[in-house]
2 protein chains.
Amino acid sequence: MSITNNYELYKVFYWAAKTGSLSQAAKALYITQPSVSHAIKQLEDSFGITLFYRTSRGVSLTQEGSLLYSYVEQSQIFIALAEEKMAALKNLDSGELRIGGSDSLFKHFLLPYLEEYHRKYPGIRLHLNHGTTPEVITFLKEGRIDLGVVRLPIVDPQLEVRESIQLQDCFVAGERYAELRDKTLSLPELMEYPVILFSRNSRARMTITELFQSYGHKLKPEIEVGSVDLLIEFARRGLGISYVTREFVSQELDNGSLFEIKLDVDIPPSHLGTMTMRNMPLTSAATRFLEMV
Amino acid sequence: MSITNNYELYKVFYWAAKTGSLSQAAKALYITQPSVSHAIKQLEDSFGITLFYRTSRGVSLTQEGSLLYSYVEQSQIFIALAEEKMAALKNLDSGELRIGGSDSLFKHFLLPYLEEYHRKYPGIRLHLNHGTTPEVITFLKEGRIDLGVVRLPIVDPQLEVRESIQLQDCFVAGERYAELRDKTLSLPELMEYPVILFSRNSRARMTITELFQSYGHKLKPEIEVGSVDLLIEFARRGLGISYVTREFVSQELDNGSLFEIKLDVDIPPSHLGTMTMRNMPLTSAATRFLEMV
DNA sequence: TGTTTGTTATAGACATGGTCTATATCTCCT
DNA sequence: AGGAGATATAGACCATGTCTATAACAAACA
């Protein structure tokens, strides 16, 4: 343990030494001169060493006082830096924000938010970790990210989930299958065409597979690809019918390079949400981001 | 000024982070766990930032807490070093002692004390500054030495003088003037012989010059030398009669290589003393040395 | 030389706030 | 289910840090 039981004394000492005057130190510390005088005396008594020469023009350090000052000064400098840093963190002038999610969500959903956030808080360093939903959950639990953006539902008592916008998945095709443009297909009819699915174990793929299963069908994709962009590109080139999120292909639907295939069953909408660790405090940076989304 | 008005909080934070437990921090700081809990909350509130994750197994730093810790740790290390240093100074395990005086006093009077002091407190660095009495006084006033050892009297209200041992100056000669061994000389008779004096404006020389003057004589030395050793050596070789301090030639008087010349007037004894600045605190090292002398 | 203006030191009153005890709450582990 | 051990909360108390008032002193100044 320490000799003095009050580190405040070092602050007073620091200012007294720095200003060379107990009165000035008192001003700087917003206390009265007798308080400073008293504090210095306490410090001196605790060491049994005189730290200042007192004159009628102020105080000056003794040999020993100078030695003490050289250490205390460093200490105070670090404290000052620490407080600066904390203030910067609070003001979102610095810090970092680590987000987990899939690449497609980053690109099609989060990008505008990320841009706005970065514009508003250029001091915050953004870290994006892509992964599947279970991977993102693992990242969260390991403390490697501050928040995750995934498709719902997520059922995990350790996680706090905030529902965000709703997405509608659908099947789309390009010019090659123009004959289907105004038709309404049943699931078996659809299955006669080559279906393109996301290759990885994504929540979207699980959803559609389960939908088919609930009607007694087994959906086998003709083609599996590794990114949403490829799903879109393959459909446009007529390689098959892709299962995509409608909101992510709005541009292609508008300009006609893709069209949605109507089905005689409803594909349930999926919800997007953010998740964070329950009972774990968030950084200011993360809190602010969640407010935006 | 600082954000927090109590640097104590950093100490608590430091220990909480270091031990990873509020309870353990409380033990280390000899306070109770609720106090620590309260202190941490204060710190967090002052920043508006959560610093710890609380679990039922203790606490761990948040991202921001870690950042704060990296600064606070440095600060605390410097404080610990400072307290160590102060303790060492107090124990006389380190520090320095700066003494001013004439070379002859160092050699003939102070040497045994210095040796003992150095043996007892090997951590204290000794600085010896030689000079005449007025120079030593200047050194003192400029703060370049802690204490001076000089011949008295010294009259200076700024100085605090402690009388030490008494010295007796006298004239001595060697074999060459053996005829004077049992005689008692008057001042005019002495003046017929070549007199060797210290060249510099020393107090000893002033004293003897004034003594002659008070009897209406003007003492003109045949030879002037720059050190007490030369005064002795010249007298032994028969170059003249040296005015020296009896205590400094006791060895030569004992072995007969020099003898004292008796005079029909008394040379007033001179006192040796230590002087320090009045109203200026002394270092522990200096205080201890003064106690020894 | 007395006066003013600055400094630090001292004394004593007061009230802030840090610390305590007691208790609650929660998690993990047996 | 219960125990052990962690942190959080509430409220009381009193230590101590701060204040006001004043003294003492030195330097600058008129």
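Residues numbered from 1 in each chain as written. Chains lettered and ligands numbered in written order. Predicted model: local features only at pLDDT ≥ 70, side-chain atom pairs only at ≥ 80, totals over all residues. Heavy atoms only, no water.

**Here's the deal with the overall build of chain A**
In step 1: A tally of regular secondary structure across chain A gives 11 helices and 13 strands.
In step 2: Computed over its C-alpha atoms, the radius of gyration of chain A comes to 32 Å, more than 25% above the 19 Å expected for a compact globule of 293 residues.
In step 3: Within the span of chain A, comprising 293 residues, buried residues form 47% of the whole.
In step 4: For chain A, the exposed area adds up to about 14400 Å²; of that, 48% sits on carbon and sulfur atoms. (Helix = DSSP H or I, 4+ residues; strand = E, 2+ residues; numbered from the N terminus. Rg over C-alpha atoms; globule rule 2.2 N^0.38 Å. Buried < 20%, exposed > 50% of the residue type's maximum accessible area, 1.4 Å probe, protein only. Areas by Shrake-Rupley, 256 points an atom, 1.4 Å probe, with all protein chains shown as cover.)

**Some thoughts on the sheet that holds strand S12 (residues 259–263) of chain A**
Sheet strands associate in pairs through backbone hydrogen bonding, adopting either a parallel or an antiparallel arrangement.
Residue and element names in this part refer to chain A.
In step 1: A sheet is described by the order of its strands in space; here 6 strands give the open sequence S8-S12-S7-S11-S9-S10, paired in mixed fashion. Lying at the two open borders of the sheet, with one neighbouring strand each, are strand S8 (184–185) and strand S10 (223–225).
In step 2: Its contacts with the sheet place helix H9 (residues 228–236) against strand S7 (169–173), strand S9 (195–198), S10 and strand S11 (241–245), and it is angled at close to 170 degrees to S9. (Pairing = 2+ DSSP bridges. Contact = heavy atoms within 4.5 Å. Axes fitted to C-alpha atoms, helices over the stretch in contact; angles between N-to-C directions.)

**So, the domain arrangement of chain A**
Interface extent is often summarised as the accessible area lost during association of the parts.
In step 1: The domain boundaries assigned to chain A delineate domain 1 (8–90), domain 2 (95–165 + 272–292) and domain 3 (169–268).
In step 2: Averaged C-alpha coordinates put domain 1 of chain A and domain 3 of chain A at centres separated by 73 Å. (Domains from an automatic or database assignment.)

**Notes on the environment of A:Lys27**
In step 1: Checked against the element boundaries, A:Lys27 lands in helix H2 (residues 22–29).
In step 2: Separated by 12 residues in the primary sequence, A:Lys27 and A:Trp15 place their C-alpha atoms 9.7 Å from one another.

**Comments concerning helix H6 (residues 133–141) of chain A**
Residue and element names in this part refer to chain A.
In step 1: Turning to H6, its buried residues are Thr133, Val136, Ile137, Phe139 and Leu140. Angular distribution of buried residues about the axis of H6 spans 155 degrees; they occupy a single face of the element.
In step 2: Packed against the buried residues of H6 are strand S3 (95–101), strand S4 (124–130), strand S5 (147–151), strand S6 (159–167) and strand S13 (270–277).
In step 3: Following H6 by one or two positions, Gly143 has its phi on the positive side, about 75 degrees. (Arc of directions from axis to C-beta.)

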